[in-house]
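Here are the chains, one letter per residue:
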Amino acid sequence: MHAFEYHRPSNVRQAAALLQKNEDAKIVAGGHTLLPTMKQRLAAPSALVDLGALSELRGIEKKGRAVVIGAMATHSDVATSDVVAEAIPGLAKLAELIGDPAVRHRGTIGGSIANNDPAADYPAACLGLGATIITNKRKIPAEEFFTGMFDTALEEGEIITKVSFPIPAKAAYAKFRNPASRYALAGVFVSKRGSDIRVAVTGAGSDGVFRWGEAEEALAKRFAPKSLDGMSPPAKGMNTDIHADAEYRAHLVGVMARRAVAAATGR
Amino acid sequence: MADKMHLKLTINGEHLETLCEPRELLIHVLRERFNITGPHIGCETSHCGACTVDLDGKSVKACTLFAAQAQGATITTVEGLASPEGMHVLQEMFREHHGLQCGYCTPGMITRAWRLLQENPDPTEEEVRFGMAGNLCRCTGYQNIVKAILAAAAIMNGRDATADDAVKTPEEVA
């Protein structure tokens, strides 16, 4: 691995200043994507700004009708949080199924969202719950945040500080996971909050997470698995790789969507 | 080359210090600077768990952490589990139940199992398998590893590990 300068700021403002000073610097949160990338020399930042000391970014709290999760909360923090389990159990379950225990102890929600891996789980939760991503500069609705595979609306030096999830009436996540990596071959997050019905799909689309409009319309008539009988999104636009081709992924999206609705409605 | 940093850690109850570069992984600092060679390097890609250590009360993969990120932390490795009176009950049970063949994954397995039994002191077989999912073994097929952990849990909960009903099944929990 190439040498780099290492910084461990103690607050967000210091972190932002360090990023501004080092054009080529990268943020390290849990490091579970960045370190593997650096080992492969796919990234060689001149400096790392480690957010590990920012305990202010680790809180999880219920605020009005939302659950607000600090960007440095680990997957394990979210999976074991009483606040999340009570308000949005589907989100706790999603976190519990990321990677393995050691990975969940390091990986963070902010890191996952900022990376926007097309097979990551959290982007589906953000889009599927209509979350707001809060940075040190502004608030970004999930729809505007995820702009394509590994691409987000974040500007240079912008730091995610929190994610705010509106509490739904019903929500659940179902994923068909790659048994080795445990990433989603297809993952679907569904939610219902009043008349706002959302179906967000990760792992399958060739341009990252997306909302499946046709399924949302069908569920708006009746929020039940049966409403999605026989439905799957078009294979065009789905990803093909060694694990699954586009048609199979499209099929899986339909199956996962029905399972997610079944879980959300307790069927 | 970046400047070296002054790293201070508490490892297996001992305060240790060293100079290291920011790019050094925790596993390399443990093995090469402190000569703590219990944690192994298997895949070095966060998959296999041979490098699992306990960091501030959590199982982590020491290959996917810069030592710098662990500054000031309290670390336990497999070397820290036995006491002067003898091996830890998990170590005894891995021996008793042949929970290893080549032994390469064993330090990570035992260190993770040690934390698992603190998170969940009386797990079912299913919970053991879920909790050990980050540790791979290419020899045993896992049967005896799971058996060893369940036997250790039974003993730690005051049951006779050789009794037929010592091990909890998922049905009993439900």
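Structure first, text after, so check above.
A few points on the structure. (Residues numbered from 1 in each chain as written. Chains lettered and ligands numbered in written order. Predicted model: local features only at pLDDT ≥ 70, side-chain atom pairs only at ≥ 80, totals over all residues. Heavy atoms only, no water.)

## A word on the sheet that holds strand β5 (residues 74-76) of chain B
Hydrogen bonds along the backbone pair up the strands of a sheet, which may run parallel or antiparallel.
All names here are of chain B.
Phase 1: In space, the five strands of this open sheet follow the order β2-β1-β5-β3-β4, with mixed pairing throughout. Each edge of the open sheet is held by one strand with a lone partner, namely β2 (14-20) and β4 (58-61). Mean inter-strand twist for the sheet, computed between neighbouring axes without regard to direction, equals 40°.
Phase 2: Sheet strands in contact with helix α1 (residues 26-33) are β1 (5-11), β2, β3 (52-55) and β5, and its direction is about 105° off that of β2.
Phase 3: Against the sheet, helix α3 (residues 106-119) makes contact with β3, β4 and β5, and its axis sits at roughly 35° relative to β3, the strand it touches most. (Pairing = 2+ DSSP bridges. Helix = DSSP H or I, 4+ residues; strand = E, 2+ residues; numbered from the N terminus. Axes fitted to C-alpha atoms, helices over the stretch in contact; angles between N-to-C directions. Contact = heavy atoms within 4.5 Å.)

## Some details on the nonpolar core
All names here are of chain A.
Phase 1: Judged by nonpolar contacts, the single largest core of 36 residues is most densely connected at Ile69, Leu91, Ile113, Tyr122 and Phe165.
Phase 2: Among the elements that make up this core, the one with the highest residue count is helix α8 (residues 122-129) (six residues).
Phase 3: Residue-level mapping places this core at the junction of two domains, with at least three residues from each of domain 1 (5-166) and domain 2 (170-265).
Phase 4: With near-sequence residues (within four places) excluded, Tyr122 lies in contact with His75, Val78, Leu91, Leu94, Ala95, Ile98, Ile109, Ser112 and Ile113. (Core = buried A, V, L, I, M, F, W, Y, C linked by side-chain atoms within 4.5 Å. Buried < 20%, exposed > 50% of the residue type's maximum accessible area, 1.4 Å probe, protein only. Domains from an automatic or database assignment.)

## Some words on the pairing of strand β4 (residues 60-63) of chain A
Remember that side chains alternate between the two faces of the sheet whenever the strand is regular.
Residue and element names in this part refer to chain A.
Phase 1: Examined bridge by bridge, β4 and strand β5 (residues 66-70) share four bridges and lie antiparallel to one another. Residue pairing across strands places Lys63 opposite Ala66, the latter belonging to β5.
Phase 2: The turn joining β4 and β5, which pair antiparallel and follow one another in sequence, is formed by two residues; a positive phi near 60° is taken by Gly64.

## Considering the pairing of β4 of chain B
Residue and element names in this part refer to chain B.
Phase 1: Where β3 and β4 come together, four bridges link them in antiparallel fashion. Bridging from a neighbouring strand, Thr52 pairs with Lys61 of β4.
Phase 2: Counted between consecutive antiparallel strands, the loop separating β3 from β4 contains two residues, among which Asp56 sits at a positive phi close to 50°.

## Re the packing of aromatic side chains
Residue and element names in this part refer to chain A.
Phase 1: Enumeration according to the criterion identifies four aromatic pairs over all chains in this entry.
Phase 2: On the numbers, 5.0 Å between centres and 85° between planes, the contact of Phe145 with Phe146 is edge-to-face.
Phase 3: Using a relative accessible area of 0% as the deciding quantity, one classes Phe145 as buried.
Phase 4: We classify Phe146 as buried; its relative accessible area is 10%. (Phe/Tyr/Trp six-rings, centres within 6.5 Å; stacked < 30°, edge-to-face > 60°.)

## What to know about the sheet that holds β4 of chain A
Residue and element names in this part refer to chain A.
Phase 1: With respect to topology, five strands assemble into an open sheet ordered β4-β5-β10-β6-β7, the strand pairing being antiparallel. The open sheet has two edge strands with one neighbour each: β4 and β7 (139-141). Strand-to-strand, the axes of this sheet are offset by a mean angle of 25°, without reference to chain direction.

## Observations concerning the interface of chain B and chain A
Phase 1: Taken together, the contact between chain B and chain A spans 27 residues of the former and 28 residues of the latter.
Phase 2: Together, the buried faces of chain B and chain A total about 2200 Å²; carbon and sulfur atoms form 63% of this surface.
Phase 3: If you sort the residues of chain B by the area they bury against chain A, Phe66, Gln69 and Phe130 of chain B come out on top, with a joint share of 27%.
Phase 4: For the interface between chain B and chain A, the tally reads one salt bridge.
Phase 5: Where Asp100 of chain A meets Lys61 of chain B, a salt bridge forms, and the shortest distance between an N and an O atom there is 2.6 Å. (Buried area = accessible area lost by both parts, 1.4 Å probe. Salt bridge = Lys/Arg side-chain N within 4 Å of Asp/Glu carboxyl O.)

## Here we look at the environment of Ser46 of chain A
Residues and elements named next belong to chain A.
Phase 1: Turning to its location among the elements, Ser46 is positioned in the loop between α2 (34-39) and β3 (47-50).
Phase 2: Residue Ser46 is classed as partly exposed on the basis of its relative accessible area, which comes to 33%.
Phase 3: C-alpha of Ser46 to C-alpha of Asp24: the two residues are 22 residues apart in sequence and 5.7 Å apart in space.
Phase 4: Leave out the neighbours within four places in its chain, and Ser46 touches Phe4, Glu5, Asp24 and Ala25.

## What about empty space enclosed by the protein?
All names here are of chain B.
Phase 1: Evaluation of the coordinates by the stated rule reveals one cavity of 30 Å³ or more.
Phase 2: Each pocket or cavity is described by its volume, and for the largest cavity that value is around 40 Å³.
Phase 3: The wall of the largest cavity is formed by 13 residues, among which Cys43, Glu44, Cys48, Cys51 and Cys63 lie closest to the centre.
Phase 4: By residue class, the composition of the lining of the largest cavity is six nonpolar, five polar and two charged. (1 Å grid on protein atoms, 1.4 Å probe; cavity = no way out; pocket = protein on both sides within 12 Å on 5 of 7 lines; lining within 4 Å. Points joined across faces, edges and corners; volume = space filled by probe spheres on them. Nonpolar A, V, L, I, M, F, W, Y, C, P; charged D, E, K, R; others polar.)

## What about the packing of α3 of chain B against helix α5 (residues 143-156) of chain B?
Residue and element names in this part refer to chain B.
Phase 1: Where α3 meets α5, the axes come as close as 11 Å, and the angle between the chain directions of the two elements is 40°. In terms of orientation, α3 and α5 fall into the oblique class. α5 is crossed by α3, and the crossing has right-handed handedness. Along its contact with α3, which presents Met109, Ala113 and Leu117, the element α5 presents Ile145, Ile149, Ala152, Ala153 and Met156.
Phase 2: Each residue belonging to the contact of α3 with α5 can be placed in one class, and the counts come to eight nonpolar, no polar and no charged. (Parallel < 35°, antiparallel > 145°, perpendicular 65-115°, else oblique. Left-handed = near helix turned anticlockwise from the far one by under 90°.)

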